[in-house]
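# Coordinate analysis (summary)
Each chain, written out:
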Amino acid sequence: MKTLLIGEYREGKLLEATYELLGFAQALGADASLFIVASEGQLPSFGGNLYLADAAAAGEYNPDLHRELILQAVEQENPDYIVFLHSSYGWDLAPRIAARLKAAQISEITAITDGAFEVGCCNAKMRRTVKPATAKAVLTIQAGAFPVAPPAGSPQIRKLAATAGSNLEFVGYEPAEAKDVDLAKAEVIVTAGRGIGKKENVPVILALAKALGGELGASRPVVDAGWVEHSHQVGTTGQTVSPKLYIACGVSGAIQHLAGMKKSDFIIAINKDKDAPIGEVADVLVVADVMQFAPSLTARLAR
Amino acid sequence: MKILVCIKQVPDMESRFKPDSKGVWYSETDLAWRMNEYDEYAVEEAVKLREQLGESCELTVLSIGPDRVVEAIKKALAMGADKAIHVQDLEAAAKDPWQIASIISGHAKEQGYDIIFTGMQSQDRGSAQVGVLTAEQLGYPCTTTLVGFAFADGVITAKRELEGGVKGVVKLKIPAVVTCQLGLNIPRYPTLPNIMKAKKKEITAIPVAELLKEESLTATSSFHPPAKKGGGVVLEGDVGDLVEKVIAILKDKTAVLR
């Protein structure tokens, strides 16, 4: 079985997550070749065919050009699976390849079982087992679901260049907003999730954080709703944290949130929903209404 | 200008999901339904653009599914869409993203929309494919995961959300497809007068067989809860008792109370 892995490169750097693709190919027991749009000074350590396009010519984000380049690599390599990370680059590009090849796409794979793929659904509360019904298939893998394969070897480079034009113009990057809270340094984080119900309840969660000598964290929906500043957001698009104690208050546990906090030493989740995905990473799941439980715990701590 | 916004109706994600009789998707009994959250942002952005462009612009909302999806369509009409397409399909949940995209592109090909908005993914299926596949099937440029959108002189300026809070700025000419991320805007609540006005707006029903020409490219064999990783303690009961148990655990397992 042959896989063509689509590596990632951003702001002049190879992304480490590229090595998760190699971990996936190993888990599948498949041969791996790698495609990347990068600069020659920043090549992955990998001992196979590397299809390389120059980032200066093809841009770091240009789905029209990257689609054409990947199709060239598919033509030469003839892989069974074309594998992306399920990331802002991967989920944007993968369906374009699937459409051109009229190949099945299976998104956000969390595990391999008997040659079929497990994917999350219903906000990560459930799983489906899926197989492609086409000879070739496009896959995207969940961030962190497969172990990083240690970088090793040097690649055999096959250079590619795009010939077509593009309907898109990549203007540039906008840096992340400055953080006024460095959650990475906090020993205790108490995070407010949508389950707190309304903005007026944020001080209740903040009071618990202060009672434990910690900082206030926030899940994405709470930040999007404007209840808490973005600088407190925990998760893929916010901060990645690993405090000694993490208390998730009314946080359902979207994968992007779990990816940002699951390395915490000890995790307590308070949630009304016993099946909420946060339970998968929690050491203790307290099944309760957080707006009853949190103030009681704060009061008890003050005694 | 003709704008299309595609929406899906999904169950409330706090529901308990049980497998259906075939064991490949959830059973629809005892579920409360709502508009897919990502699509609420898509509708809001489309309505804002409709307001920017004024009377020269027409905004159509499209949804695929059984009669229950008309509720989601009515919400989009009350938010400000002008008219609606309901693609009637009792089996929509069994279709894969390639087929769903082919239904949308089958309709859109006839209509010549200038901009198509979708959510970046659905909350239930979560494939993040339909918008991009629709663009490919139509031959339109496309960009995804929008947290910023502006339109002027036939050019969209889109701000994409990347990992770690970084954003990527992209320009593309219409016709185009864009997919919307959470936080793009603040979706409005329909007001009572607008809900009343929406009742008079036209909803055209199209049987799915008129638009669907494609077979499924994937096969689902099972729908099940994730394997429990174990180790986690689940505490239930009276809040006072729960507080005492948590205090004991904090003393025993962490250093924060010492």
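This text goes with the structure placed above it.
The notes below deal with the structure included here. (Residues numbered from 1 in each chain as written. Chains lettered and ligands numbered in written order. Predicted model: local features only at pLDDT ≥ 70, side-chain atom pairs only at ≥ 80, totals over all residues.)

For strand 6 (residues 81-85) of chain A, a buried count of 5 out of 5 residues is recorded, marking the element as mostly surrounded by other parts of the structure. Residues Tyr81, Val83 and Leu85 of chain A line one face of strand 6 of chain A and the alternating positions Ile82 and Phe84 of chain A line the opposite face, and both faces are buried. (Buried ≥ 20, exposed ≤ 12 C-beta atoms within 10 Å, placed from the backbone. Helix = DSSP H or I, 4+ residues; strand = E, 2+ residues; numbered from the N terminus.)

So, about the sheet that holds strand 8 (residues 116-121) of chain A. The strand order 11(A)-5(A)-4(A)-1(A)-6(A)-10(A)-7(A)-8(A)-9(A)-12(B) describes an open sheet built from 10 strands, whose pairing is mixed. Strands with a single pairing partner mark the edges of an open sheet, and in this sheet they are strand 11 (156-160) of chain A together with strand 12 (218-224) of chain B. Neighbouring strand axes in the sheet, compared pairwise and without regard to direction, differ in orientation by 35° on average. Of the pairings in the sheet, the one linking strand 1 (residues 2-6) of chain A to strand 4 (residues 31-38) of chain A comprises 5 bridges and is parallel in character. The partner of Leu4 of chain A across the bridge, within strand 4 of chain A, is Ser33 of chain A. The strands touched by helix 4 (residues 90-101) of chain A within the sheet are strand 1, strand 6, strand 7 (104-113) and strand 10 (137-141) of chain A, with strand 10 of chain A carrying the most contacts at an inclination of about 170°. (Pairing = 2+ DSSP bridges. Axes fitted to C-alpha atoms, helices over the stretch in contact; angles between N-to-C directions. Contact = placed C-beta atoms within 7 Å.)

Residues and elements named next belong to chain B. Position of Ser15 among the secondary structure elements: in the loop between strand 2 (9-11) and strand 3 (33-35). Taking the number of C-beta atoms within 10 Å as the measure of exposure, Ser15 has 18 and is therefore partly exposed. Here the alpha-carbon distance between Ser15 and Trp33, two residues 18 residues apart in the chain, equals 9.9 Å. In contact with Ser15, not counting residues within four places along its chain, are Leu31 and Ala32.

Bringing helix 6 (residues 239-253) of chain B into the picture now. Look at helix 6 of chain B: 21 Å from first C-alpha to last across 15 residues, which is about the 21 Å you get at 1.5 Å a residue. For helix 6 of chain B, the secondary structure elements touched by its buried residues are strand 16 (266-271), strand 17 (284-287) and helix 8 (290-302) of chain A together with strand 13 (233-235) of chain B. (Expected span 1.5 Å × (residues − 1).)

The next subject is the interface of chain B and chain A. Taken together, the contacts link 65 residues of chain B with 70 residues of chain A. Counting residues per element, the ones that place at least two in the side of chain B that touches chain A are helix 4 (130-138), strand 7 (142-152), strand 8 (155-161), strand 9 (167-173), strand 12, strand 13 and helix 6 of chain B. Among the elements that line the side of chain B that touches chain A, the one with the most residues is helix 6 of chain B, at 8 residues. Classifying every residue of the side of chain B that touches chain A gives 29 nonpolar, 22 polar and 14 charged. Examined bridge by bridge, strand 9 (residues 126-132) of chain A and strand 12 of chain B share 6 bridges and lie antiparallel to one another. In the sheet register, Thr129 of chain A faces strand 12 of chain B, and the bridge partner there is Ser222 of chain B. (Nonpolar A, V, L, I, M, F, W, Y, C, P; charged D, E, K, R; others polar.)

It is worth spelling out the pairing of strand 8 of chain A at this point. Residue and element names in this part refer to chain A. Most of strand 8 sits out of view: 5 of its 6 residues are buried. As paired elements, strand 7 and strand 8 share 4 bridges and run antiparallel to each other. In the strand pairing of strand 8, Ile109 is matched with Val119. In sequence, strand 7 turns back onto strand 8 through a hairpin of 2 residues, with Asp114 there showing a positive phi of about 50°. In the sheet, strand 8 pairs with strand 9 via 5 bridges, with the strands oriented antiparallel.

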